Amino acid sequence: MPKKYIIAAAIFIPMIFFSNEAQSQNLFLLQDMCVKCHLLGENYGKRNSVLAWKDSAHFRADSGCVECHGGDKYMYIDFKRGHIGLPSRAEAVAICGKCHAKEKSDFLSKRAAAPTDFACTVTCVDCHGYHYVAKADAELFNKANCGGCHAFDRAAPIYKTAAKARGAMFSIETKIETYQNENFPVDSARSRLDEIGVEYVGMIHSEPMNKFERVTKDKTMKSIAELESQMEKSSPGKWKIEGAVVVTFLAIVALILLGYQAITEKS
Amino acid sequence: MRDILSRLIAFYNRKETSQSSQKETRSGVLDWFDRHFEWRKYFKNEIKGRRTIKPQDVWDYVGYSGTVLTFLIIVQMTTGILLLFYYKPSVEFAFASVQAIRNDVPYGMLYTNIHSINSKLILLLVFIHMFRIMLIGAYRGPREPQWYLGTALLALMLFSGFSGYLLPWSQQSYWACVIGTESARAIPLIGDGLVSMLRGGKNIGGATLSRFFAFHITILPMSIVALTWLHIKSVWKVGVIAPPDMRASPNEIDCIGCGTCRKVCQFDAVRMIERGDKKLPAINPDKCNACRVCVDKCPSHCITFKSAKRRFLSEPIFPHNTLHRALATVAVIFALFIAVYYLQGIFLRAKEPADPLVTPAHIKPDWYFLASYQLLRQLPNELFGLIAVFGIYFLIVILPNLDRSGPRELERRPVYRFIVIGGIVTFVLLTIIGGVV
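Criteria and thresholds
Residues numbered from 1 in each chain as written. Chains lettered and ligands numbered in written order. Predicted model: local features only at pLDDT ≥ 70, side-chain atom pairs only at ≥ 80, totals over all residues. Heavy atoms only, no water. Helix = DSSP H or I, 4+ residues; strand = E, 2+ residues; numbered from the N terminus. Buried < 20%, exposed > 50% of the residue type's maximum accessible area, 1.4 Å probe, protein only. Contact = heavy atoms within 4.5 Å. Areas by Shrake-Rupley, 256 points an atom, 1.4 Å probe, with all protein chains shown as cover. Buried area = accessible area lost by both parts, 1.4 Å probe. Polar contact = N/O pair within 3.5 Å; in protein donor to acceptor, adjacent residues only side chain to side chain. Nonpolar A, V, L, I, M, F, W, Y, C, P; charged D, E, K, R; others polar. Axes fitted to C-alpha atoms, helices over the stretch in contact; angles between N-to-C directions. Parallel < 35°, antiparallel > 145°, perpendicular 65-115°, else oblique. Left-handed = near helix turned anticlockwise from the far one by under 90°. Arc of directions from axis to C-beta. Phe/Tyr/Trp six-rings, centres within 6.5 Å; stacked < 30°, edge-to-face > 60°. Lys NZ or Arg CZ within 6 Å of the ring centre and 35° of its normal. Patch = residues over 30% accessible without salt bridge, like charges linked within 9 Å, V, L, I, M, F, W, Y side chains within 5 Å. Salt bridge = Lys/Arg side-chain N within 4 Å of Asp/Glu carboxyl O.

Q: How would you summarise the overall build of chain A if you had to cite specific residues and measurements?
A: Helix and strand counts for chain A stand at 14 helices and 0 strands. Ordering the α and β elements of chain A from the N terminus gives α-α-α-α-α-α-α-α-α-α-α-α-α-α. With 267 residues in all, chain A has 29% of them scored as buried. Contacts spanning at least 24 positions in sequence make up 58% of the contacts within chain A whose residues lie at least 6 apart. For chain A, the accessible area works out to roughly 17,600 Å², and carbon and sulfur atoms hold 62% of it.

In structure tokens:
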């Protein structure tokens, strides 16, 4: 075999194994027909939407284009199969609520309870985004999201409260991980933290924002403090101190027995 | 003033009266027990005058492994009963109930840890106890019943550990049980049926959990308690064997042949044999406990106990020897609680519930099965492996029948020494390799 073919094979064959990660991910995305056009099409804006979705929580949860835009992912644009194209902001709550039913009902009850001069037309996508939908976080209370409708100075205290609550929950999560690494039982704490998280999210969607700080302090932070004190009662540190007491007691008993032995032998 | 004094005296007298009446009540309680159970008579006849060898160094405390084991079995049963209040023996709830005990029940984590780690410690002490008996030749007559009972107890405790290992229904438990029960399939003709019988079906499931649970809480503990009681009773009857290198030498010149040593020996170790014109005592080293009662009672002080290595001193069973045994027990309990409180990460592995569809990367049985597990892995044929494992167990059981007489010192038995020490070293090495590889 000519030498040049051997050299070419030696250079190119290893490339199969060391291929560009983004390229292989793009190959994966080509399973979805929508992605095929929107990623490789000439419209650069649409390409960004697909790439943003690829990094989102929806992509990780296997929720694709058709869940929001309708249609059939194995066909090209087909309005007969339910493709709605670009939905309006007003339709966002109904579209998101198809999967996030509880959040939708919480949110609509807040809207119904809101005073008329509040006139908030905020929808899910105003805070959570639409293609790059990130995991809900205190960072959602930011200038870009809130400043779209009003001055950020009203949102700043809400952001601080949300950040404080999120920080407290994060510190409990870290504690749970530490306990788990030391082989301590964490199931109760974990399920209680999940309950607090679900209550908190429900509260964000259902309570008016002007009551957010008070409700966070009265309910969420109080629950987190109770959970923390419960975890302190069964902490690894306390366990080890208890162990030290038991072991010291046994050592004292052994010394007493040795002493008693010495006395009985002498007598 | 007189009034105050008279009141003080009356008060003091009333206090004194109540103390003495309390004293009467206390001794009254002991008397009540004595009337109904004759504990004083038992204590006087069985315990008070009894003597045994005094421990000279730390190695002598290894001889108290039996006493420590009795205590650990009581601890194991107590923690088992506490777990029984909350454990749910079904496939859906077993893992969750164990986690609930650890999470929510007061001190649940403590007695779960004790139960789990104590089971490993019990089997460690069983092996140490057995190896010591093999090394000093204490399986010979009149101690064969103890040996047979002991080997039966070993099998019961191993099966108790095996059945208990499945109960948390974790990934490790499930898959270790799959491998353990699957090995029976290698037996020709009855293998499949045996596996079905062990599992309660073709696969490990609810039926397996139910029957293992039934074994673990009823048949096995009752059998262990019954056999342990018989084992202790037979030990009490023949006493603790003297060390193998002990020589009891009656001085033939000074001995007057009165036979006092034979009369006072509680273990029937002395026979009077005719030598010339008088009868002299011959002490059976297999029956002798070296308690030295014959030495103390001999009117001509002609009996001596000798060893090339050590002095022989004896002490009363109560309270001296009891204190030594209590100290050994406390030392082992100390080690147990160190493991429970500080080393639980090493010993406890139930982190995920059982999933029949996901095989974990490393499946290992509990430490006491690692040697037989490794042996089964090494041998080319599983049937040969089973024959080897059960063959070794059978040889251990019939050891008193294979070795009936001759000296008990290891130095004077090179072949036996090679086999036993080689066997112990092989067991330890296979356990380590099985755990590491």
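Q: Please give an account of the interface of chain B and chain A that cites residues and values.
A: Facing the 28 residues of chain B at the interface are 24 residues of chain A. Buried surface at the junction of chain B and chain A, both sides included, amounts to about 2,300 Å², of which 66% is carbon and sulfur. For the chain B face of the interface with chain A, the top three residues by lost area are Leu323, Tyr341 and Tyr342 of chain B, together amounting to 27%. Our count for the chain B to chain A interface comes out at 9 residue pairs in polar contact (both at pLDDT 80 or more). Secondary-structure elements contributing two or more residues to the side of chain B that touches chain A are α5 (94-103), α6 (108-136), α13 (317-342) and α14 (344-347) of chain B. Tallying contributions element by element places α13 of chain B first for the side of chain B that touches chain A, with 14 residues. Split by residue class, the side of chain B that touches chain A holds 17 nonpolar, 7 polar and 4 charged.

Q: Which residues make up the packing of helix α11 (residues 156-181) of chain A against helix α12 (residues 187-206) of chain A, and what values do they have?
A: Residue and element names in this part refer to chain A. Two numbers describe how α11 lies on α12: the axes approach to 10 Å, and their chain directions differ by 165°. Here α11 is positioned roughly antiparallel relative to α12, judged by the angle of their axes. In this structure, α11 meets α12 at a crossing whose hand is left-handed. Counting all contacts with α11, which are made through Ala162, Ala165, Met169, Ile172, Glu173, Ile176 and Gln180, the residues of α12 involved are Ala189, Arg190, Leu193, Gly197 and Tyr200.

Q: Talk me through helix α15 (residues 370-378) of chain B; I want residue IDs and the actual numbers.
A: In an α-helix there are 3.6 residues to a turn, and that puts residues three or four apart on one side. What α15 of chain B keeps buried is the set Leu370, Ala371, Tyr373 and Gln374 of chain B. All buried residues of α15 of chain B project into a common sector of 165° when viewed along the axis, lining one side.

Q: Give a description of the packing of aromatic side chains that names residues and reports values.
A: We describe a pair of aromatic rings using the distance from one ring centre to the other and the angle between the two ring planes. Residue and element names in this part refer to chain B. For the structure on display, the rule yields 26 aromatic pairs over all chains. For the pair Trp169 and Tyr174, a centre-to-centre distance of 5.5 Å together with 85° between the ring planes defines the contact as edge-to-face. Each member of the pair, Trp169 as well as Tyr174, carries the same accessibility label: buried. Among the aromatic residues, those joined into a ring-pair cluster are Phe127, Phe131, Phe159, Phe162, Phe212, Phe215, Trp367, Tyr368, Phe369 and Phe427. Across the ring face of Trp236, the terminal group of Arg50 is positioned such that the distance to the ring centre comes to 4.1 Å.

Q: Please set out a nonpolar patch on the surface residue by residue, giving values where relevant.
A: Residues and elements named next belong to chain B. Where nonpolar side chains cluster on the molecular surface, the patch consists of Ile421, Val425, Val428, Leu429, Ile432, Ile433, Val436 and Val437 and spans about 690 Å² of accessible area. Mapped onto the elements, Ile421 comes out in helix α18 (residues 414-436). You can call Ile421 partly exposed: its relative accessible area is 37%.

Q: Talk me through the pattern of salt bridges; I want residue IDs and the actual numbers.
A: Taken as a whole and assessed by the stated rule, the structure comprises 16 salt bridges over all chains. Asp192 of chain B serves as the salt-bridge partner of Arg185 of chain B, at 3.0 Å between the closest nitrogen and oxygen.

Q: Tell me what's going on with the side chain of Ser223 of chain A, and back it up with residues and numbers.
A: Residue and element names in this part refer to chain A. Mapped onto the elements, Ser223 comes out in helix α13 (residues 212-233). Looking at Ser223, its side chain comes within polar contact range of the main-chain oxygen of Lys219, at 2.9 Å. Each residue touching Ser223, except ones within four places of it in the same chain, is listed here: Arg192, Ile196 and Glu199.

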